[in-house]
Amino acid sequence: VSSNGNAPILDVSSLSNAEIIEITSTIVRKVWEKRNGVVKTGNRLAMQLLQLTADRLERGEREILVIPTRTSGDSTSNNDERIHEAKTEEAKVTSQRLAGARRLLQQIEK
């Protein structure tokens, strides 16, 4: 092993088998510690995201897209009415999904 490719810091060929095993064990242990830390951090992040999502569902927060309607008497106004009707039906389905999710959460918490 060398620093900046110049003078060697450690000549690996001069190490005994016991020293190589000790160094290897230390490196492997440190790598696994870092890996475990990454896994724990990922788990904490996932739990926070799930908690935020659950809070939003509980409060009923949703992004709502409002489509402006045209006031002219042409055929597009009929389309707008159908779009709004579909949105209302979709909201009912979403509410049913939310109610089902709440029931499932209550069953899990018991």
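See above for the structure.
Small disclaimer: the values here were computed from a predicted structure and weren't measured. (Residues numbered from 1 in each chain as written. Predicted model: local features only at pLDDT ≥ 70, side-chain atom pairs only at ≥ 80, totals over all residues. Heavy atoms only, no water.)

A.B. asks: Any details on the overall build of the protein? Residues and values, ideally.
C.D. replies: What the protein contains, in helices and strands, is two helices and zero strands. Burial analysis of the protein (110 residues in total) assigns 4% to the buried set. A total of about 10,000 Å² of accessible surface is found on the protein, and carbon and sulfur atoms cover 57% of it. (Helix = DSSP H or I, 4+ residues; strand = E, 2+ residues; numbered from the N terminus. Buried < 20%, exposed > 50% of the residue type's maximum accessible area, 1.4 Å probe, protein only. Areas by Shrake-Rupley, 256 points an atom, 1.4 Å probe, with all protein chains shown as cover.)

A.B. asks: Give a description of the layout of surface pockets that names residues and reports values.
C.D. replies: By volume, the second largest pocket is sized at about 210 Å³. Contributions of two or more residues to the lining of the second largest pocket are made by helix H1 (17-59) and helix H2 (75-109). Among the elements that line the lining of the second largest pocket, the one with the most residues is H2, at six residues. Residue composition of the lining of the second largest pocket, by class: seven nonpolar, one polar and three charged. (1 Å grid on protein atoms, 1.4 Å probe; cavity = no way out; pocket = protein on both sides within 12 Å on 5 of 7 lines; lining within 4 Å. Points joined across faces, edges and corners; volume = space filled by probe spheres on them. Nonpolar A, V, L, I, M, F, W, Y, C, P; charged D, E, K, R; others polar.)

A.B. asks: Break down a nonpolar patch on the surface for me, with residues and values.
C.D. replies: Taken together, the side chains of Ile9, Leu10, Val12, Ile20, Ile23, Ile27 and Val31 present a nonpolar region at the surface, about 590 Å² in accessible area. Tracing the backbone through its elements, the reader meets Ile27 in helix H1. (Patch = residues over 30% accessible without salt bridge, like charges linked within 9 Å, V, L, I, M, F, W, Y side chains within 5 Å. Salt bridge = Lys/Arg side-chain N within 4 Å of Asp/Glu carboxyl O.)

Nothing here speaks to function; it is geometry throughout.
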